[in-house]
Amino acid sequence: MQRLARTEMEATASQAVECATIKVALTGQPNVGKSTIFNGLTGMNQHVGNWPGKTVEQKTGGCTRGAMQFDFVDLPGTYSLTANSVEERIARDYILHERPNVVVAVVDAAIPERSLYLLAELLLLPAPVVLVLNMMDVAAQEGIQVEPQVLEAALGIPVVPMCATKGQGFEALLDAVVAVWDGAYPYNPHRPVILPAHQTVLEQLIAWIAVYVPSTYPADWVALKLLEGDDEIVAVMQAALPAEVWAHVHDTLLQHEDAILDIAGARYAWIGRMIRAAVVRPKVGPMGLTARLDRVLTHPLWGTLALLGVLGVVFWLTYAIGSPLQSGLDELLRQGAEVLSDGLQGVLPLWLVALLADGLLGGAGMVLTFLPILVIFFAVLGFLEDTGYMARAAYITDRFMHAMGLHGKSFLPLLLGFGCNVPAILGARIIETKRARWLTILLAPLIPCTARMAVVAVLAPIFFGEAAVWVAWGLIAANLGVLAVLGIVFHRLVLKGEQSMFIMELPLYHLPNARTIGIHVWQNVLAFLQKAGTVILAVSVVVWALSYFPVDGDVTQSYLAWIGRGLTPLGRVMGLPWMLMVALLTSFVAKENTIATLGVLYGNFEALLPALITPPAALGFLIVQMLFIPCVATVAAVKQETRSWAWTLLSLGLMLVISLGAGILVYQAGTLLMGG
Amino acid sequence: MVPLTALQPGQIGLVHQLRGGHRFVSRLAALGFTPGAPVTVTRNHGVGPLIVAVRGAQVALGRGEASHVLVFREEAGDATIGQD
């Protein structure tokens, strides 16, 4: 009671200020359309970062309406608020410790029962809650009727019906937030109560711990979380309680280890009472859209064929539209570099002109030409994700992923890897257990990204002419084969231990929202641009400098050549001259550099190379190139996501050994066969 | 009492018990697998994960996970009742 009174006083005090700011936290279970609401509220006025010390995305943003300023924070999507995952801890810690003025709880109107579970938890925390019934259109499509006023009467909190993908309900939501904040709304929530079976235990626990509970936590909530067996709260209270009190508490908790099921059951019983009058379900009517689509899309045979078809279309769209754009940009860049060096000749020192034309435009600029391909790829995948299809793809692929100790959830990040390995590694965040996430991160760089495929697209025809297409397919298959073998080996031999749980909701299908897809693409592209503008740019300049100095502009006498000649013995066992070894080295900056470097070292390499190296050596080179250590940006992402140098170096070492090993093997075996 | 994996597509089971670590129980409980809750099997092909409907949502469960959910098999015909 005291706490509530304090919040009200604070509210009245801040109202006196001219331009009032309301701090609003957005919560909801996964797949309820929370991001769409957040994007609709904040538009481009949002900041994406990480939660301090966590690899979980944090989105904040704001909007103003009249004299009112709203600060939104988008809390991670969670099914409950028990400390099962880092997301759940973040969500509840924010509400407990940062004290938002209002919490907006988003539920899916088409799955009212399940998605209200989070509300049952939120109502026990010290912040007023506004409920959003989102996806009213999807509910109607599935034949489910929800009456917001009836639900509001039952819950005693504002209930706002929304259809965020169509932009409906945003004004009403802001109105409700203000009304709760300034006290105009008679906020009087009906909180869920625990089953009688555990009521006495709960009261006993509260009596024991009340005086010791740290001030940021409500005592009754802490007692309930103890009874639920929440690891984090157990640890907090073990530290806070005197030893003899803790002994009592600990004994009691041991006797009620099964309480979690009863507590969850009681919450669902409460939800049942709340929605009884408000939700009308179809008896046995015509099947909903989702059920009809899933008869095909989750079928073991048809679903697999459908997935292959979908992937075919994804790649066809990406390359049919993206490749011409990429070549166009590439051509433009070459001309730009020429114009630049011609125009600046004599104006600036020679080395500076070369730096601008070859180092900046030829290095970092080259990477940027892949932007169209990435944009299309991410847009198509974002579209599929936003319809709800990707969960079906994860379900279909689960049985294949199982052999590697992964499950279906690793499919999406790995698929992203075909565009660029960096988002693949960031995308592994959706996997809950560390073991499966790290394994996915280890395997992701084996997915051939657009940049590596571009190198193959240029080099394979030079060496293999008509057969180049088959060589390219073979190389992709080889990469995926190595990925599978490495996954199985790590699963069986290295990372023994618990398999990660595969528990995944299949959301109802719905029409995707252009804005959500747009923001998804923009954020992925932005991450890519930042990398291109920093890491790739810096290393491009360094590599350029190594290839330019000490004898101005003579690459054959440069530091790079010196390093390359040092690698001659290694090159010899692969049948490769040092120039190709240098090309490999520079691919560490960005995979496309292989081509750029060959251009610098040989000039017209298209005509020269076939005469210089044998077909087995050429094939070996392409294999090494495909399996070689990932680019700098990917390595940086691996380090950032695992926060482990050991794992990053392991990843690098493995790729190095595998790629060189495979290259040597192919060259030696091929030479033997041909010479034999 | 049978594991969820023993149910054929279209069959309904009432959750009786969850066998597993605390984390597993807690996660499934939040998704609505609480004692007495009806679970309808949508997909079960003998290998690979299952799809079940629980509390109005479709949930994919790995075979291992599903085998740790013990249910009472409901007779066919009661399919339309089953709300708690």
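For the structure, check the block above.
Values in this document were obtained by computation on a predicted structure and should not be read as measured data. (Residues numbered from 1 in each chain as written. Chains lettered and ligands numbered in written order. Predicted model: local features only at pLDDT ≥ 70, side-chain atom pairs only at ≥ 80, totals over all residues. Heavy atoms only, no water.)

Colleague: For the overall build of chain B, give the residues involved together with the corresponding values.
Modeller: What chain B contains, in helices and strands, is two helices and six strands. Sequence-ordered secondary structure for chain B, helices as α and strands as β, is β-β-α-β-β-β-α-β. Put simply, 59% of the contacts in chain B that link residues at least 6 apart link residues at least 24 apart. Within the structure as shown, chain B displays about 3400 Å² of accessible surface, and the carbon and sulfur contribution to it stands at 53%. (Helix = DSSP H or I, 4+ residues; strand = E, 2+ residues; numbered from the N terminus. Contact = heavy atoms within 4.5 Å. Areas by Shrake-Rupley, 256 points an atom, 1.4 Å probe, with all protein chains shown as cover.)

Colleague: Which residues make up unusual backbone geometry, and what values go with them?
Modeller: Residues and elements named next belong to chain A. Cis peptide bonds are those with omega within 30 degrees of zero, and the linkage from Phe-549 to Pro-550 qualifies with 5 degrees. As for its placement among the helices and strands, Pro-550 is situated in the loop between α24 (514-548) and α25 (559-566). Despite not being glycine, Arg-643 has its phi angle at roughly 50 degrees, a positive value. With respect to the helices and strands, Arg-643 occurs in the loop between α31 (632-642) and α32 (645-675).

Colleague: Run through the nonpolar core, naming residues and quoting values.
Modeller: Residues and elements named next belong to chain A. In terms of nonpolar packing, the biggest core is built from 115 residues, with Leu-381, Leu-443, Leu-459, Leu-576, Leu-598 and Phe-605 touching the most fellow members. Once residues within four sequence positions are removed from consideration, Leu-598 is found in contact with Leu-459, Met-579, Leu-580, Ala-583, Gly-603, Phe-605 and Leu-609. If you look at the next biggest cluster of nonpolar residues, it comprises 100 residues, including Ile-95, Leu-122, Val-146 and Val-222. (Core = buried A, V, L, I, M, F, W, Y, C linked by side-chain atoms within 4.5 Å. Buried < 20%, exposed > 50% of the residue type's maximum accessible area, 1.4 Å probe, protein only.)

Colleague: So, the sheet that holds strand β5 (residues 102-108) of chain A: which residues are in play, and what are the values?
Modeller: Residues and elements named next belong to chain A. Read from one edge to the other, the open sheet built from seven strands follows the order β2-β3-β4-β1-β5-β6-β8, with strand pairing classed as mixed. Only two strands of the sheet have a single partner each, and these edge strands are β2 (46-50) and β8 (159-161). Within the sheet, the average angular offset between the axes of one strand and its neighbour, ignoring direction, is 25 degrees. Relative to β8, strand β6 (residues 129-134) runs parallel, the two sharing three bridges. In the sheet register, Leu-133 faces β8, and the bridge partner there is Pro-161. (Pairing = 2+ DSSP bridges. Axes fitted to C-alpha atoms, helices over the stretch in contact; angles between N-to-C directions.)

Colleague: I'd like a rundown of the interface of chain A and chain B, residues and numbers included.
Modeller: Listed per partner, the contact involves 37 residues of chain A and 34 residues of chain B. Here chain A packs against chain B, burying approximately 3100 Å² in sum over the two surfaces, 61% of which is carbon and sulfur. Together, Asn-84, Leu-261 and Ile-503 of chain A form the three largest contributors to the area buried by chain A at its contact with chain B, with a combined 22%. Our count for the contact surface shared by chain A and chain B stands at two salt bridges. A salt bridge links Asp-231 of chain A to Arg-23 of chain B, with the shortest nitrogen-to-oxygen separation between them at 3.9 Å. The interface formed by chain A and chain B contains 14 residue pairs in polar contact (both at pLDDT 80 or more). Of all the secondary-structure elements, those providing two or more residues to the side of chain A that touches chain B are α4 (112-115), α13 (259-275), α14 (289-297), α18 (389-402) and β10 (503-506) of chain A. Tallying contributions element by element places α13 of chain A first for the side of chain A that touches chain B, with five residues. For the side of chain A that touches chain B, the per-class residue count stands at 17 nonpolar, eight polar and 12 charged. (Buried area = accessible area lost by both parts, 1.4 Å probe. Salt bridge = Lys/Arg side-chain N within 4 Å of Asp/Glu carboxyl O. Polar contact = N/O pair within 3.5 Å; in protein donor to acceptor, adjacent residues only side chain to side chain. Nonpolar A, V, L, I, M, F, W, Y, C, P; charged D, E, K, R; others polar.)

Colleague: Any chance you could break down the packing of aromatic side chains for me, citing the residues and the numbers?
Modeller: All names here are of chain A. The final tally for this structure, using the stated rule, is 13 aromatic pairs over all chains. When the ring of Tyr-117 is compared with that of Tyr-268, the centres are 5.0 Å apart and the planes differ by 25 degrees; the resulting orientation is stacked. Taken together, the residues Tyr-117 in helix α5 (residues 117-122) and Tyr-268 in helix α13 connect sequence positions 151 residues apart. The pair Tyr-117 / Tyr-268 is uniform in exposure class, with both members buried. Between the aromatic rings of Trp-544 and Tyr-548, the centroid separation amounts to 4.8 Å while the plane-to-plane angle is 25 degrees, which identifies the pairing as stacked. Taken together, the residues span about one helical turn, with Trp-544 and Tyr-548 both in helix α24 at a distance of four residues. Side by side, Trp-544 and Tyr-548 carry an identical accessibility label, which is buried. (Phe/Tyr/Trp six-rings, centres within 6.5 Å; stacked < 30°, edge-to-face > 60°.)

Colleague: Tell me about the environment of Thr-440 of chain A, and please be specific about residues and values.
Modeller: All names here are of chain A. As for its position among the elements, Thr-440 is in helix α21 (residues 434-443). Sequence spacing of Thr-440 and Val-193 is 247 residues, and the spatial spacing of their C-alpha atoms is 42 Å. Leave out the neighbours within four places in its chain, and Thr-440 touches Leu-406, Ser-410, Pro-413, Leu-414, Ala-428 and Ile-431.

Colleague: Help me get a handle on the pairing of strand β3 (residues 57-65) of chain A, residues and values and all.
Modeller: Each regular strand displays side chains that alternate between the two surfaces of the sheet. Residue and element names in this part refer to chain A. Sheet topology note: the β2/β3 ladder contains five bridges and is antiparallel. For Val-48, the partnering residue across the bridge sits in β3 and is Lys-59. Taking the residues that link successive antiparallel strands as the turn, the β2-β3 hairpin has six residues, and the phi of Gly-53 there is positive, at about 75 degrees. Pairing of β3 with strand β4 (residues 68-74), which is carried by seven bridges, proceeds in the antiparallel orientation. Within the sheet, the bridge partner assigned to Thr-64 lies in β4 and is Gln-69. Between β3 and β4, which pair antiparallel one after the other, the connecting turn spans two residues, and Gly-66 there sits at a positive phi close to 60 degrees.

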